[in-house]
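Fold and contact review
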Amino acid sequence: MQMGMVGLGRMGGDIARRLMQGGHACVVHDIEPSKVRALEDAGAAGAENLGALVLKLDRPRVIWVMLPAGSPTEQTIAALTPLLEAGDLIIDGGNSFYKDDIRRARSLAAKAIRYVDIGTSGGVRGLERGYCLMVGGDKDAIASIEPLLMSLVPGAGVIARTERPDGADPRAELGYIHAGPAGAGHFVKMIHNGIEYGLMQAYAEGFDILKNKNADHLPADERFDLNLADIAEVWRRGSVISSWLLDLTAQALAKDVTLERFVGDVADSGEGRWTIEAAIEEAVPADVLTTALFARFRSRQRHTFADQILSALRWAFGGHVEQGSRG
């Protein structure tokens, strides 16, 4: 297939690269010409602006927008809309708020332009590992881009198969689901990120407790000088709390057990907040996820080793640079 990609940041550029590795043709645009040139060197066709990108795409056009949520995405889709025709399709693969998807899909449908929202997980490792995709939109629209989706997902791999009932959708085992109508993909991804906050906070607090077991105020015979890198490593092997996040924790601690390069100023992308808002709307208790979000707020005022763990994890899976980074 042929596809246009708008936004060649940490994930957009690698999504285009993975698609080209899968035999697809990509036309790419970014406000930074150097990023366009880098993709051209990898085999993409560059476009200096949105108009040029649209002209280089065959009808019906498929354009994937991979930009920060909010104004960048909103303005780009607004600029693309008058350039497109009936039957064309816009994908928002960023971390947009699901209610914005519902509104956009309704507005674009009035112009016969199709809209698909894709919650995309995989971070900076997605080019190598593949991406977990949570897709919202019309069934026929999603079917039309399935070749693209199949090139992006990791596939079944070597993960042990779950005993699923007969008739279960096989796509989930491959790495993507059709979550529901417009907005459903980003809603599922939003909750995914909220859970991510909680998991990261649990690891961070646990390692902070381990680190401080050698504190001077403890009785001398109760102080343990624990090897955090070894603990993280052994937990990866047979432990019930093993995960990719723990893998990344072990890698970070193996490089520098003090995590000195990280201040511990932990940002939140917005999806954690939206998750809590959804819990309030649904009257669903979300104690752990709420506390994890508030811990990030607190980290910007007072830093702990737990906050450094969080910063190290955000850098490892997403390339997120903290504002107060020591480099």
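Structure report, in brief. (Residues numbered from 1 in each chain as written. Predicted model: local features only at pLDDT ≥ 70, side-chain atom pairs only at ≥ 80, totals over all residues. Heavy atoms only, no water.)

**Overview of the overall build of the chain**
Our working rule: Helix and strand assignments follow DSSP, with helices taken as H or I runs no shorter than four residues and strands as E runs no shorter than two, numbered in order from the N terminus. Using C-alpha atoms as the atom set, the radius of gyration is obtained and then compared with a globule rule of 2.2 Å times the number of residues to the power 0.38. Here the term buried applies to any residue with accessible area under 20% of the maximum for its type, exposed to any over 50%, and partly exposed to those in between, with areas from a 1.4 Å probe on protein chains only. Contacts are assigned to residue pairs with any non-hydrogen atoms lying within 4.5 Å of each other. Here the positive residues are Lys and Arg and the negative ones are Asp and Glu; neither His nor the chain ends is included. For charged residues, the charge sits on one atom: NZ in Lys, CZ in Arg, CG in Asp, CD in Glu.
Helix and strand counts for the chain stand at 15 helices and eight strands. Scaling as 2.2 N^0.38, a compact globule of 327 residues should have a C-alpha radius of gyration of about 20 Å, and the chain matches this with 22 Å. Considering only C-alpha atoms, the chain reaches an extent of 75 × 45 × 40 Å along its principal axes. The buried share of the chain, taken over its 327 residues, is 47%. A separation threshold of at least 6 residues defines the contact pool for the chain, and within that pool the share at least 24 residues apart is 68%. Separation between the mean location of the 35 positive side-chain charges and that of the 43 negative ones in the chain comes to 2 Å.

**Description of helix α15 (residues 305-318)**
Three or four residues apart is the spacing at which side chains of an α-helix point the same way, because the helix has 3.6 residues per turn. What counts, and what does not: In a helix, the anticipated span is given by 1.5 Å times the number of residues less one. Contacts described as polar in this section are N or O atom pairs within 3.5 Å, which, within protein, must combine one atom able to donate a hydrogen with one able to accept it, while residues neighboring in sequence count only if both atoms come from side chains.
In this model α15 runs 20 Å from its N-terminal to its C-terminal C-alpha over 14 residues, within 8% of the 20 Å that 1.5 Å per residue would give. Across the 14 residues of α15, 13 count as buried, placing the element largely inside the fold. Its side-chain oxygen 3.3 Å from the backbone nitrogen of Ala-306, Thr-304 forms the N-cap of α15. Among the residues trailing α15, Gly-319 stands out with phi positive, at a value near 70°.

**Here we look at the nonpolar core**
Keep this limit in mind: The criterion is simple. A nonpolar core is a set of buried Ala, Val, Leu, Ile, Met, Phe, Trp, Tyr and Cys residues joined through side-chain atoms within 4.5 Å.
Within the largest apolar cluster, 31 residues are counted, with the highest numbers of intra-cluster contacts made by Val-28, Trp-64, Val-116, Ile-118, Leu-133 and Ile-145. The greatest single-element share of this core, amounting to four residues, is contributed by helix α1 (residues 12-21). Within the second largest apolar cluster, 26 residues are counted, among which are Leu-248, Leu-259, Ala-306 and Ala-316.

**Some details on the pairing of strand β7 (residues 132-137)**
Our working rule: Only strands joined by at least two bridges in the DSSP assignment are considered to pair.
Among the six residues that make up β7, five are buried, leaving the element largely enclosed by the rest of the structure. Summarising the sheet, strand β6 (residues 114-121) and β7 pair through six bridges and their orientation is antiparallel. Directly across from Thr-120, in β7, lies its bridge partner Leu-133. The pairing of β7 with strand β8 (residues 176-180) spans four bridges and is parallel. Each bridged residue has a counterpart across the sheet, and for Met-134 the counterpart in β8 is Ile-177.

**Quick look at the pairing of strand β4 (residues 62-65)**
Neither face of β4 is exposed, since Val-62 and Trp-64 on one face and Ile-63 and Val-65 on the opposite face are all buried. Across three bridges, the pairing between strand β1 (residues 2-6) and β4 is parallel. Paired with Met-5 across the bridge in β4 is Trp-64. As paired strands, β4 and strand β5 (residues 89-92) are joined by four bridges and run parallel to one another.

**Regarding the pattern of salt bridges**
Selection rule: Take a side-chain nitrogen of Lys or Arg and a carboxyl oxygen of Asp or Glu: if they are within 4 Å of each other, that pair is a salt bridge.
One pass over the structure, following the stated rule, counts 21 salt bridges. Among the ionic pairs, Glu-32 bridges to Lys-35, the shortest N-O distance being 3.9 Å. Under the relative-accessibility criterion, Glu-32 is labelled partly exposed at 39%. Across the pair Asp-268 and Arg-273 runs a salt bridge whose closest N-O atoms are separated by 2.7 Å. It is possible to trace a salt-bridge network through shared partners that takes in Glu-74, Asp-92, Asp-100, Asp-101, Arg-103 and Arg-104.

**Structural notes on the environment of Ile-280**
Turning to its location among the elements, Ile-280 is positioned in helix α13 (residues 271-282). Residue class for Ile-280 comes out exposed when judged on its relative accessible area of 64%. C-alpha of Ile-280 to C-alpha of Phe-317: the two residues are 37 residues apart in sequence and 29 Å apart in space.

**Some thoughts on the packing of helix α10 (residues 184-211) against helix α11 (residues 228-235)**
What counts here: Structural elements are reduced to axes, namely lines fitted to C-alpha atoms, with helices fitted over the stretch in contact, and the angle between N-to-C directions of any two is expressed from 0 to 180 degrees. The cut-offs work like this: below 35 degrees is roughly parallel, past 145 is roughly antiparallel, 65 to 115 is roughly perpendicular, and the gaps in between are oblique. Each crossing gets its hand from how the near helix is turned against the far one by less than a right angle, where anticlockwise is left-handed and clockwise is right-handed.
Viewed as axis vectors pointing N to C, α10 and α11 meet at an angle of 135°, and their least axial separation amounts to 10 Å. The orientation of α10 with respect to α11, classified from their angle, is oblique. Crossing of α10 against α11: the hand is right-handed. Residues Phe-207, Leu-210 and Lys-211 of α10 form the contact with α11, whose own contacting residues are Leu-228, Ile-231, Ala-232 and Trp-235.

**Examining the packing of aromatic side chains**
Inclusion rule: Side-chain rings of Phe, Tyr and Trp, where Trp is taken by its six-membered ring, are said to pair if the distance between their centres is within 6.5 Å; with planes under 30 degrees apart they count as stacked, over 60 as edge-to-face, and otherwise as tilted.
Under the defined criterion, the tally for this structure stands at five aromatic pairs. Between Tyr-98 and Phe-187, the aromatic rings sit 4.9 Å apart at their centres with planes inclined by 75°, giving edge-to-face as the arrangement. Here Tyr-98, found in helix α5 (residues 98-109), pairs with Phe-187, found in helix α10; they are 89 residues apart in sequence, far enough to count as distant. A relative accessible area of 13% means that Tyr-98 is categorised as buried.

**What to know about helix α12 (residues 244-255)**
A rise of 1.5 Å per residue sets the reference length of α12, with its twelve residues, at 16 Å; its end C-alpha atoms lie 17 Å apart and thus fit the reference within 8%. The complete set of buried residues in α12 reads Leu-245, Leu-246, Leu-248, Thr-249, Ala-250, Ala-252 and Leu-253. Next to the buried residues of α12 lie α10, α11 and α15.

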